[in-house]
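# Analysis of the macromolecular model
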Protein chains: 2
Amino acid sequence: MKKMLLISNSTNYGENYLGWSIPEIELFALRNKFSKALFIPYAGVSFSYDEYEFKVSNALSKIGIEIKSIHHFEDPVKAVKEAECIMVGGGNTFHLAYMMHKLNLMEAVREVVEQGTPYVGWSAGSNLTCPTLRTTNDMPIIMPESFDTLNLVPFQINPHFLDPNPAMDEMMKHGGETRADRIEEFTTLHQDITVVGLREGCSLLVEGKKMTLRGGRPLIILKHNQKVEELAPYTDISHLLEL
Amino acid sequence: MKKMLLISNSTNYGENYLGWSIPEIELFALRNKFSKALFIPYAGVSFSYDEYEFKVSNALSKIGIEIKSIHHFEDPVKAVKEAECIMVGGGNTFHLAYMMHKLNLMEAVREVVEQGTPYVGWSAGSNLTCPTLRTTNDMPIIMPESFDTLNLVPFQINPHFLDPNPAMDEMMKHGGETRADRIEEFTTLHQDITVVGLREGCSLLVEGKKMTLRGGRPLIILKHNQKVEELAPYTDISHLLEL
């Protein structure tokens, strides 16, 4: 049975790293009985994989979860196959996808997660579970072999989904596109695909065919020519898995 | 001699379409003696190419420039070769690059511009003149054949460059990366490439080996491990063409 915790943002403004998401991860680990996780740091670009591992390890050791980063393993595919849990950190989604394809990890991770290895992702790590990376907010700093990603959920997540607010309206007086414009471009071009705007402080919990939204804000559902829909936290949103 | 006008944003907040940039285009047309332009609308996604052509045509007819969009031509490569001027509008850079590669226009446009056909681009259309699209802010809604673009300037433009400001700081209390974070990821990965942050209301005017910044705000120069540099408008910044 597929078990995934897909987190929007690791850390809210002003918090320690992984601040608000620690109890979500702790609960997920307890329910799925793991205390070790294989960490995939490839979304990290402006710092070393060792530094990234240290940061995550430091945060998760407080709740008794031991992290080892995949970059230490000679055979990363084997490491995936043997992992108790797979955790994929945030950063740049293009670099993450580039490395996952290059190291033949895309298929390996998909397989073990389909077979029941728990998966925790945040930001880029959540995006990675979608059919493609085409709804990321990241800069395309490197071209991956393909935009295809893990395809473990049938919809596209837009993490860090931003609602219009006065501060943003002020900012958006620049001449670039808004987030809504960008997602509309996507849904215009891909009219059969649903985009799910995952707001800050929220996560999607997938357990087999069941999915729940957790956190303090509704999930926003964007689809071509359909009225924007909002789904409340802690309600059953499993129908999204059957798209 | 290469003649290019690379505009950050077509339109400032609250203006008519192409508001502030009309006199820049008018001046560029006068100096380069053209009154007709071939328009490339492929960055437009959420509206039709006809609609895009109408919008641009409507704005530029006021200064006596006649626009025809490339989507009307049976042989787009021939249309490029015969154009008096090439204009590339803003929108989604991935879709623009996808179509340019698909229709074999990348090489065709590069050749005629190298040979002296004037080029006007705004937003995605300015990004297109860089070696690659890797510093766009756009959503990767479609995978182009390659991230390589026109390579008519040796640096990467980040259009709509945003300075931190109080409204933005407020907004950036979400857990996503800031613009500066994203560009730092790029310069970390590509340490020999210079990124040029082109602020709103500004343009780069290239005439052969000479380049001038026009507009009311300095150009920001971002390079790995180098102090951020600012270059004043209406000064000679031709050294950036020799990178």
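For the structure, see preceding data.
For the structure given in this document, a descriptive report is provided here. (Residues numbered from 1 in each chain as written. Chains lettered and ligands numbered in written order. Predicted model: local features only at pLDDT ≥ 70, side-chain atom pairs only at ≥ 80, totals over all residues. Heavy atoms only, no water.)

## Some remarks on the sheet that holds strand β7 (residues 195-199) of chain B
Residue and element names in this part refer to chain B. The sheet built from four strands is open, its strands ordered β6-β7-β10-β11 with mixed pairing. The open sheet is flanked by β6 (156-161) and β11 (229-231), the only strands paired with a single partner. Along the sheet, successive strands turn relative to each other by an average axial angle of 25°, direction set aside. In terms of strand pairing, β6 meets β7 through four bridges, oriented parallel. Across the sheet, residue N158 finds its bridge partner in β7, namely G197. Together, β6, β7 and β10 (219-222) form the strand contacts of helix α8 (residues 179-189), whose direction differs from that of β6 by roughly 175°. (Pairing = 2+ DSSP bridges. Helix = DSSP H or I, 4+ residues; strand = E, 2+ residues; numbered from the N terminus. Axes fitted to C-alpha atoms, helices over the stretch in contact; angles between N-to-C directions. Contact = heavy atoms within 4.5 Å.)

## Observations regarding unusual backbone geometry
Of all residues except glycine, most have a negative phi; of all peptide bonds, most are trans. Located in the positive-phi region is Y234 of chain A, a residue other than glycine, with phi close to 60°. Its place among the elements puts Y234 of chain A in the segment after β11 (229-231). When its relative accessible area of 49% is taken as the criterion, Y234 of chain A is described as partly exposed. One non-glycine residue, K33 of chain B, adopts positive backbone phi at about 55°. Summarising the element assignment, K33 of chain B is placed in the loop between α1 (22-32) and β2 (36-40). The class of K33 of chain B is exposed, set by a relative accessible area of 73%. (Buried < 20%, exposed > 50% of the residue type's maximum accessible area, 1.4 Å probe, protein only.)

## Some thoughts on the packing of aromatic side chains
Scanning the entire structure with this criterion turns up 16 aromatic pairs over all chains. Ring centres of F94 of chain A and F94 of chain B lie 6.4 Å apart, and the angle between their planes is 5°; on these two criteria the pair is classed as stacked. Of this pair, F94 of chain A sits in helix α4 (residues 93-102) while F94 of chain B is found in helix α4 (residues 93-102), placing the two residues in two different chains. For the pair formed by F94 of chain A and F94 of chain B, the shared burial category is buried. Ring centres of F94 of chain B and F147 of chain B lie 6.0 Å apart, and the angle between their planes is 75°; this geometry places the pair in the edge-to-face category. Remark: F147 of chain B occurs in the loop between α6 (124-127) and β6 and F94 of chain B occurs in helix α4; sequence separation between them is 53 residues. (Phe/Tyr/Trp six-rings, centres within 6.5 Å; stacked < 30°, edge-to-face > 60°.)

## Looking at the sheet that holds strand β8 (residues 202-207) of chain B
All names here are of chain B. Here we have seven strands laid out as an open sheet, ordered β3-β2-β4-β5-β1-β8-β9, and mixed in their pairing. Among the strands making up the open sheet, the edge pair consists of β3 (66-69) and β9 (210-215). Adjacent strand axes in the sheet meet at a mean angle of 20°, parallel and antiparallel pairs treated alike. Bridge count for β2 against β3 is four bridges, and the pairing is parallel. Bridging across to β3, F39 finds its partner in S69.

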